[in-house]
Amino acid sequence: MYYYRYESAEVSCCYKYLMFSYNIIFWLAGAAFIAAGFWAWSEKGILLDLTQVTQLHGFDPVWLVLVVGGVTFILGFAGCVGALRENICLLKFFSGVIGFIFILELTVAVLAVVFQSQVREWINDFFLANIRAYRDDIDLQNLIDSLQKMNHCCGAQEPEDWDLNVYFSCNGSHRSREKCGVPFSCCVTDPADSVVNTQCGYDVRNRPKVRDWSDHIYVKGCIAALEDWLPGNLYTVAIIFIVISLLQMVGIYLARTLISDIEKVKFSY
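Residues numbered from 1 in each chain as written. Predicted model: local features only at pLDDT ≥ 70, side-chain atom pairs only at ≥ 80, totals over all residues. Heavy atoms only, no water.

The protein chain appears in an unreviewed UniProt entry as Tetraspanin from Sparus aurata. According to its UniProt record, the protein chain has this under Sequence similarities (unreviewed entry): "Belongs to the tetraspanin (TM4SF) family." (UniProt positions renumbered as here; feature names shortened; annotations may be inferred.)

S.K.: Quick question: what am I supposed to make of the packing of helix α2 (residues 61-85) against helix α3 (residues 88-114) here?
M.R.: For any two helices packed against each other, one specifies the inter-axial angle together with the distance between the axes. Between α2 and α3, whose axes approach to 8 Å, the crossing angle comes to 145°. In this structure, α2 meets α3 at a crossing whose hand is left-handed. Judged by residue contacts, Val71, Ile74, Leu75, Ala78, Gly79, Val81, Gly82 and Ala83 of α2 engage Leu90, Leu91, Phe93, Phe94, Val97, Ile98 and Ile101 from α3. Partitioning the contact of α2 with α3 into residue classes produces 13 nonpolar, two polar and no charged. (Axes fitted to C-alpha atoms, helices over the stretch in contact; angles between N-to-C directions. Helix = DSSP H or I, 4+ residues; strand = E, 2+ residues; numbered from the N terminus. Left-handed = near helix turned anticlockwise from the far one by under 90°. Contact = heavy atoms within 4.5 Å. Nonpolar A, V, L, I, M, F, W, Y, C, P; charged D, E, K, R; others polar.)

S.K.: Looking at this model, I keep getting lost on the nonpolar core. Mind explaining?
M.R.: Within soluble globular proteins, side chains that are nonpolar generally end up buried alongside one another. One finds Phe127, Ile144, Trp162, Val182, Cys186 and Ile217 to be the most contacted residues of the largest nonpolar core, which totals 21 residues. Looking at this core, the elements with two or more residues in it are α4 (116-132), α5 (138-151) and α7 (222-232). When residues no more than four places from it in sequence are discounted, the contact partners of cysteine 186 are Gln148, Cys153, Cys154, Trp162, His216, Ile217 and Tyr218. Core analysis: the next-biggest nonpolar cluster, separate from the first, contains 14 residues, Leu91, Leu254, Ala255 and Ile262 among them. (Core = buried A, V, L, I, M, F, W, Y, C linked by side-chain atoms within 4.5 Å. Buried < 20%, exposed > 50% of the residue type's maximum accessible area, 1.4 Å probe, protein only.)

The following block contains the structure:
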């Protein structure tokens, strides 16, 4: 019985260590994300009482950090070990998951374009839900403040959306000092000010006319600000998406090429 032998019956060291180097970065990045997520939870005392995770009615940004970190860590680990040990199963798992993520990203992008009105409504409801939970979680609070400051906006559609938050609501008999106000991130700031005035939004919505508000706070909603931002930055978004897609394609190409080399070596004997 004769067996066909390839002239070079060995796995390419070039692809093998390129694959390892490619994944070691993801592995370390995933570990860093996970560590940052658990550190954030420890700072909030959640690790001492995990039931607090279910008590937040809004979005906890730490969950996103942990999920991204966990997926990145697992993929990086599978890629690194698969490359070094020439393990076909791990390499197929890596390339399969990366391919699934790419298809998922592409599907989400297409659906977002096709169902723009529904996506807009979902984002609006999501933002309003997190306005209600603004004071419940420090990370959520910082996220909303950053969004409002960067985009010069206030609320989802308008500053009046802050009536949904129990601390800022003009309705009811609560005695919060922030009643009928908005967070400081809604305030129009002077670039010359070196100290942030966290009380600048107090009582702003007690003023009778909305045009009086514009001297002190941003009156555009964050949904409208996002819609204004997207057309002017469409090329930037497209370039980011293309770069991410190319990185994913490189990972799949390295994994599939390495799998092919390993299979050639196995079947050559």
